[in-house]
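Breakdown of the fold
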Amino acid sequence: MDAKHAESEVQHGVDMFKKYKNLLGELTRKTIKLKYRNSWLGIFWSFLQPLLNMIVLSVVFSGIFGRDNRKVVCYPVYLFAGRLLYEFFVVSTKQAMTSFRRNAAIIKKVYVPKYMYPFSSILSSFVTTAISMLCYIMVWIFFKATGIAGGANLTISWHLILFLVPLAIILVFSTGVGMVLSVLCVYFRDIEYIWDVLTKLLFYTVPIIYHISAITSPNLKLIIRANPLYHLIEMFRQCVLYGELLNPKMLIYSIAWAVVAFIIGAIIFDWKSDDLIYHL
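Residues numbered from 1 in each chain as written. Predicted model: local features only at pLDDT ≥ 70, side-chain atom pairs only at ≥ 80, totals over all residues. Heavy atoms only, no water.

Here we come to the environment of glycine 151. The topology assignment puts glycine 151 in the loop between helix H6 (116–146) and helix H7 (164–187). You can call glycine 151 buried: its relative accessible area is 0%. Sequence-wise, glycine 151 and cysteine 74 are 77 residues apart; in three dimensions their C-alpha atoms are separated by 5.0 Å. Sequence-distant contacts of glycine 151, that is, excluding residues within four places in its chain, are made with Cys74, Phe143 and Lys144. (Helix = DSSP H or I, 4+ residues; strand = E, 2+ residues; numbered from the N terminus. Buried < 20%, exposed > 50% of the residue type's maximum accessible area, 1.4 Å probe, protein only. Contact = heavy atoms within 4.5 Å.)

Looking at where alanine 130 falls in the secondary structure, it is placed in helix H6. Residue classification places alanine 130 among the partly exposed residues on the basis of a relative accessible area of 40%. For the pair alanine 130 and leucine 84, spaced 46 residues apart in the sequence, the C-alpha separation amounts to 9.8 Å.

Looking now at the environment of leucine 276. Locating leucine 276 in the fold gives a position in the segment after helix H11 (248–272). A sequence separation of 90 residues divides leucine 276 from valine 186, and the C-alpha atoms of the two residues are 6.9 Å apart. Setting aside chain neighbours within four positions, we find leucine 276 in contact with Phe100, Lys114, Val183, Val186 and Tyr187.

On to unusual backbone geometry, then. For residues that are not glycine, phi is negative in most cases, and the peptide bond is trans in most cases. Non-glycine residue cysteine 74 carries a positive phi angle of around 60 degrees. Assignment of secondary structure puts cysteine 74 in the loop between helix H2 (45–65) and helix H3 (75–97). Even without a glycine there, the phi angle at alanine 149 is positive, about 55 degrees. Looking at where alanine 149 falls in the secondary structure, it is placed in the loop between H6 and H7. Judged by its relative accessible area of 41%, alanine 149 falls in the partly exposed class.

Rendered as structure tokens:
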């Protein structure tokens, strides 16, 4: 009976998702439009902002962390790669975290599977990241063609296409974390400020502006390597900077974290989803 009940619950969930999948698309578009509604450049900022961030950070840190080309191939592109995945994780989880409060009026009036709200927030962030990827490709081509800042050392290989793997994993991982945060934020509003501080700390504790070889403390290196974001960023760089295959250990570790995060998020969400409306 338990197995049949579980199978029935899964089938019901799949049927509900199919029923409301068009709404998921509409909510995603709405989130993107609201993000840029008072901006003259609109969604073009998804292209321009990462480029400007790369330029500023490269100017500031290239003299400190970008000198050793044996470890860092073309520092601006190296920096852009790490910043791209970090920004997606931070923005998507923050958007998911506040998704219920932003849509409280709708949730109280119309029945929609509640997971649609954090899902649409994460998908909207993924769309803007995809636009930023176009910017990244143009930057990669520019430095490769000109050879500036060691760009000539960038490797062209069929392994470049493997960048889709860490992107897919970080999407699943961010969804799991986003679901947990979206529930917690309904009950504990302070979680929004705590997460903001933690993500700022995360920027400096994950090798985005530096290579992990710059860290001399073995204990700090161990902490950094325990972070799944480190492995996702490094795998992304393996593909786009060095034209290498994905590290199998990093791949397994990242997938395990993503699956566990998603399962925990789904369990917590299923446990509290019916009670959320009373606390909005």
